[in-house]
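# Per-entry structural report
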Amino acid sequence: MLVCFRSRIHSPTRNDSLYSILKSPPSKTPNASKTLMAAPGTQLKSKRPTCPSCSKPTSLCLCIRIQNPGLQNKVNITILQHSLERKHALNSARIAKLGLQNVTVSTVSDVKFDAKFMIHLFDPGHDSGSGQNGEKSSDFYQVIENKADEFDASHVTKGSKEPVITCSLGKYGVVTNISIGNVWMPHVQWKRRLSLDKMLASKVAVDDLAKGFVVKKLQKRRVNGSDEVEEVEEFEVAVPPGSVLLFPSKNALDVDGLKAMDFEAKNLIVLDGTWSKARRMYCENPWLRFLPHLKLELDRSSLYSEVRHQPKAGYLSTIESIVYALEEIGDYPEGLDNLLDVFESMVGDQRRCKNERLSKLCSA
């Protein structure tokens, strides 16, 4: 977590001429600051055009570098993307969206006040969908392709519309309240206080969740910078059977460990953000603990290493993690390696731009 300390600069006296200049009202001339920045006799340059697909400047477009866009990956990819990562110049999730067919992206923000998530179980008579607020590059299952209406989470609830889990939490995932639905009440052993650990100890709860669920997250936010707070829906994500979280927790297993459990990975959930942000996302979304965790036993440096901090070997970018995980699982469509070539070229663009800026500063 980065902390910014601000200090006030006090002028020694109000008679100082500099103080009067600083306290003078701003000019009402339109674009005054921009006019002062422009050299005499020149016009300000317009904003650089960007590619609507990859959101990169057209001169650095990634789309034309992908040899086989929309590769058919059998294991679906669900990316939980930190809100600060979405427009980052080095974000690699965009390569996954362009290069793979079955990818869903949902935006996740840090909890600033209070948040709440609710879990509904899949109806055994329905297949899973993509999640209502996620961006999807392809349909999640064939059944969704045949549905004309937008995916509705109420179609995959089991029995009544009552959620089986409702959990309130604060910053950094501090749980303040948990409640469970009537369907689980006789099976979860709890006396004074309910906890996620007690739910994980219930075979009935674990088996039900393994059949798939929909999670909806609500978060409280300030209204237009005022003191008023409103509750808004942040995301709604479908977690189908066979979902596994790619995250190196202490209980994470490698691919061989999953196979020993007779677990077939059908949906890979990936946290997209810096490692500090990914850890916070994990803590503030405790529903992820209901999933088996997958780790990659790799001892290699990320292609990020020259332009972005890598805590240690094996800490990879999102696209590297996805490609290597698919390879380990056995889902390896022809052309998958090209996505790493595209990522390497994107890192090269960033390194070249950085060197150009430094050379301009040195020559100034």
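Here the structure is a predicted model, which means the values were calculated and not measured. (Residues numbered from 1 in each chain as written. Predicted model: local features only at pLDDT ≥ 70, side-chain atom pairs only at ≥ 80, totals over all residues. Heavy atoms only, no water.)

### Focus: a negative patch on the surface
There is a patch of like negative charges on the surface, built from Asp256, Glu327, Glu328, Asp337, Asp341 and Glu344. Breaking the negative patch down by element, the ones donating at least two residues are helix H9 (318–329) and helix H10 (337–363). No other element matches H10, which puts three residues into the negative patch. Among the secondary structure elements, Glu327 is positioned in helix H9. A relative accessible area of 42% means that Glu327 is categorised as partly exposed. (Patch = residues over 30% accessible without salt bridge, like charges linked within 9 Å, V, L, I, M, F, W, Y side chains within 5 Å. Areas by Shrake-Rupley, 256 points an atom, 1.4 Å probe, with all protein chains shown as cover. Salt bridge = Lys/Arg side-chain N within 4 Å of Asp/Glu carboxyl O. Lys, Arg positive; Asp, Glu negative; His and termini not counted. Charge placed at Lys NZ, Arg CZ, Asp CG, Glu CD. Helix = DSSP H or I, 4+ residues; strand = E, 2+ residues; numbered from the N terminus. Buried < 20%, exposed > 50% of the residue type's maximum accessible area, 1.4 Å probe, protein only.)

### Points about helix H6 (residues 203–210)
An α-helical segment advances 3.6 residues per turn. Residues three or four places apart therefore align on the same side. Looking only at H6, the buried set comprises Ala205, Asp208 and Leu209. In an axial view of H6, the angular spread of the buried residues amounts to 95 degrees, which keeps them on one side of the axis. H6 presents Lys203 and Ala210 as exposed residues on the side facing more than 90 degrees away from its buried surface. Taken together, the buried residues of H6 touch strand S3 (115–121), helix H5 (196–200) and strand S7 (213–222). Once H6 finishes, Gly212 follows within two positions and takes phi at roughly 110 degrees, a positive value. (Arc of directions from axis to C-beta. Contact = heavy atoms within 4.5 Å.)

### Remarks on the sheet that holds S3
The sheet built from five strands is open, its strands ordered S6-S5-S3-S7-S8 with antiparallel pairing. The sheet is open, and its two borders are formed by strand S6 (175–180) and strand S8 (229–239), each paired with just one other strand. Averaged over all adjacent pairs, the angle separating strand axes in this sheet is 15 degrees, with direction ignored. Looking at chain direction, S7 and S8 are connected through 10 bridges and run antiparallel. Within the sheet, the bridge partner assigned to Val215 lies in S8 and is Val237. (Pairing = 2+ DSSP bridges. Axes fitted to C-alpha atoms, helices over the stretch in contact; angles between N-to-C directions.)

### Section: the pattern of salt bridges
A full pass over the atoms with the stated rule returns 10 salt bridges. Linking Asp110 and Lys277 is a salt bridge whose minimum nitrogen-to-oxygen distance equals 2.9 Å. Taken as a pair, Asp110 in the loop between strand S2 (103–108) and S3 and Lys277 in helix H8 (residues 275–284) lie far apart in primary sequence, 167 residues in all. Taking relative accessible area as the criterion, Asp110 reaches 10% and is therefore assigned buried. A relative accessible area of 24% means that Lys277 is categorised as partly exposed. Across the pair Lys203 and Asp207 runs a salt bridge, and its minimum N-O distance is 2.7 Å. Of the two residues, Lys203 and Asp207 both sit in helix H6, four residues apart, roughly one turn of that helix.

### With respect to the confidence of the model for the chain
Across the chain, the average pLDDT comes to 77, with 71% of residues at or above 70. Within the chain, strand S10 (residues 267–272) carries the highest mean pLDDT (98), whereas helix H4 (residues 142–145) carries the lowest (36). In this model, residues 1–44 is a region of pLDDT below 50 whose contacts with residues beyond four sequence positions or in other chains number nine contacts. The model gives residues 125–132 a pLDDT under 50, and that stretch makes 27 contacts with residues more than four places away or in other chains. (pLDDT = per-residue confidence, 0-100.)

### Topic: the nonpolar core
Among soluble globular proteins, nonpolar side chains are generally buried collectively. Ranked by size, the top nonpolar core spans 40 residues in total, and within it Ile77, Ile79, Ile95, Leu100, Leu268, Ile322 and Leu339 carry the most contacts. Looking at this core, the elements with two or more residues in it are strand S1 (76–82), helix H3 (93–99), S2, strand S9 (243–246), helix H7 (255–260), S10, H9 and H10. The next biggest cluster of nonpolar side chains, apart from the first, holds 35 residues, and it includes Leu80, Ile180, Leu209 and Trp287. (Core = buried A, V, L, I, M, F, W, Y, C linked by side-chain atoms within 4.5 Å.)

### Remarks on the pairing of strand S5 (residues 165–169)
S5 sits mainly inside the fold: four of its five residues count as buried. Relative to S5, S3 is paired through five bridges, and the arrangement is antiparallel. When the bridges of S5 are listed, Phe117 appears paired with Cys167. Pairing of S5 with S6 involves five bridges; the strand directions are antiparallel. By the bridge assignment for S6, Leu169 is matched with Val175. Counting the residues that bridge the hairpin from S5 to S6 gives five residues, and of these Tyr172 lies at a positive phi of roughly 60 degrees.

### Side note on unusual backbone geometry
Notably, Ser55 is not glycine yet its phi reads approximately 65 degrees, a positive angle. With respect to the secondary-structure elements, Ser55 resides in the loop between helix H2 (32–37) and S1. In this structure, Tyr172 takes a positive phi of about 60 degrees despite not being glycine. Here Tyr172 shows up in the loop between S5 and S6.

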